[in-house]
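# Summary of structural features
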Amino acid sequence: IACGQTIAGTTINASLSGTGEVANACGGTATQPGVWYSVPGNGQIMTASLCGTAWDSRIQVFSGADCSALTCVGGNDDGGPACAGTSASFQWTSVVGLNYYIFVSGFGSNSAFNLALTCAAPPTPPGNDLICNATPITCGQTLNGTTVNATLSGTGEGQSCGGFTQTQPGVWYSIVGTGTNINMSLCANAWDSRIQVFSGANCAAVNCVGGND
């Protein structure tokens, strides 16, 4: 299936055998036979949907270099971002170079259906989304910022530092050491936030200093 395409399909007479079939527990556990579709990642936000099909359906999405080893991306049983009721839809941000496998099945029955795939460019991330674009901050300064539309890609992302591992997208700030104690804080923000601090001669290789959750 390709972006912008709608394909007619059916799970009638589908089997329960094969990699990733029933009991795969990806966004819920599949209980009925299903059929597969594939799409290469292009870096865009993809939405697979079964809207308009009067059928209690499920969509599960997996990724992998090939079809023999799959990793769960996620799934949906009812509704989702595009559909209402028991018609399923699921949305994910694709990665260039990864193949995605879409598994369509029913909650308690088999049926014919129409599967649609739409793609949209991801929103522009904040300017300091990447470590090498870190916003400079100085002692005594307070800056406004946001992690909305930030990504998890780039040097220093997803690391364990300060006793926890980054699990949400973040943004970067930089300061040159002064030889004094430096306190970085997010006080007065009504938000369950985290700070991790790294050091390095440049942004290409950093070491954990510490952090707080």
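Structure shown above.
Description of the structure in this document. (Residues numbered from 1 in each chain as written. Predicted model: local features only at pLDDT ≥ 70, side-chain atom pairs only at ≥ 80, totals over all residues. Heavy atoms only, no water.)

## Concerning the nonpolar core
Ranked by size, the top nonpolar core spans 19 residues in total, and within it Ile-59, Trp-92, Ile-102, Val-104 and Leu-115 carry the most contacts. Look past the residues within four positions of Leu-115 in its chain and what remains in contact with it is Ile-1, Gln-5, Thr-6, Ile-7, Tyr-37, Ala-48, Ser-49, Leu-50, Ile-59, Ile-102 and Val-104. Among the nonpolar cores identified, the runner-up in size contains six residues, and Ala-134, Cys-161, Trp-172 and Val-206 belong to it. (Core = buried A, V, L, I, M, F, W, Y, C linked by side-chain atoms within 4.5 Å. Buried < 20%, exposed > 50% of the residue type's maximum accessible area, 1.4 Å probe, protein only. Contact = heavy atoms within 4.5 Å.)

## Quick notes on the sheet that holds strand E1 (residues 5–10)
Strands sit in the order E1-E8-E3-E6 across an open sheet of four strands; the sheet is antiparallel. One side of each edge strand has no neighbouring strand; the edge strands of this open sheet are E1 and strand E6 (89–93). Here the average twist between neighbouring strands, direction ignored, is 20 degrees. Across six bridges, the pairing between E1 and strand E8 (residues 112–120) is antiparallel. Across the sheet, residue Thr-10 finds its bridge partner in E8, namely Ala-112. (Pairing = 2+ DSSP bridges. Helix = DSSP H or I, 4+ residues; strand = E, 2+ residues; numbered from the N terminus. Axes fitted to C-alpha atoms, helices over the stretch in contact; angles between N-to-C directions.)

## Some points on unusual backbone geometry
The phi torsion at Asn-13 lies on the positive side, around 70 degrees, for a residue other than glycine. Inspection of the secondary structure puts Asn-13 in the loop between E1 and strand E2 (34–40). According to the relative accessible area criterion, Asn-13 is exposed, its value standing at 76%. Phi at Ala-188 takes a positive value of approximately 75 degrees, unusual for a residue other than glycine. Tracing the backbone through its elements, the reader meets Ala-188 in the loop between strand E10 (173–174) and strand E11 (195–202). For Ala-188, a relative accessible area of 86% gives the class exposed.

## Let's talk about the layout of surface pockets
Within this model, the second largest pocket holds a volume of roughly 410 Å³. Around the second largest pocket sit 14 residues that line it, and Thr-93, Pro-122, Ala-150, Thr-151 and Leu-152 are the ones nearest its centre. For the lining of the second largest pocket, a count of residues per class yields eight nonpolar, six polar and no charged. (1 Å grid on protein atoms, 1.4 Å probe; cavity = no way out; pocket = protein on both sides within 12 Å on 5 of 7 lines; lining within 4 Å. Points joined across faces, edges and corners; volume = space filled by probe spheres on them. Nonpolar A, V, L, I, M, F, W, Y, C, P; charged D, E, K, R; others polar.)

## Concerning a nonpolar patch on the surface
The grouping of Ile-175, Ile-182 and Met-184 at the surface amounts to a nonpolar patch, some 230 Å² of accessible area in total. Here Ile-182 is to be found in the loop between E10 and E11. (Patch = residues over 30% accessible without salt bridge, like charges linked within 9 Å, V, L, I, M, F, W, Y side chains within 5 Å. Areas by Shrake-Rupley, 256 points an atom, 1.4 Å probe, with all protein chains shown as cover. Salt bridge = Lys/Arg side-chain N within 4 Å of Asp/Glu carboxyl O.)

Everything listed is a geometric property; what it means functionally is a separate question.
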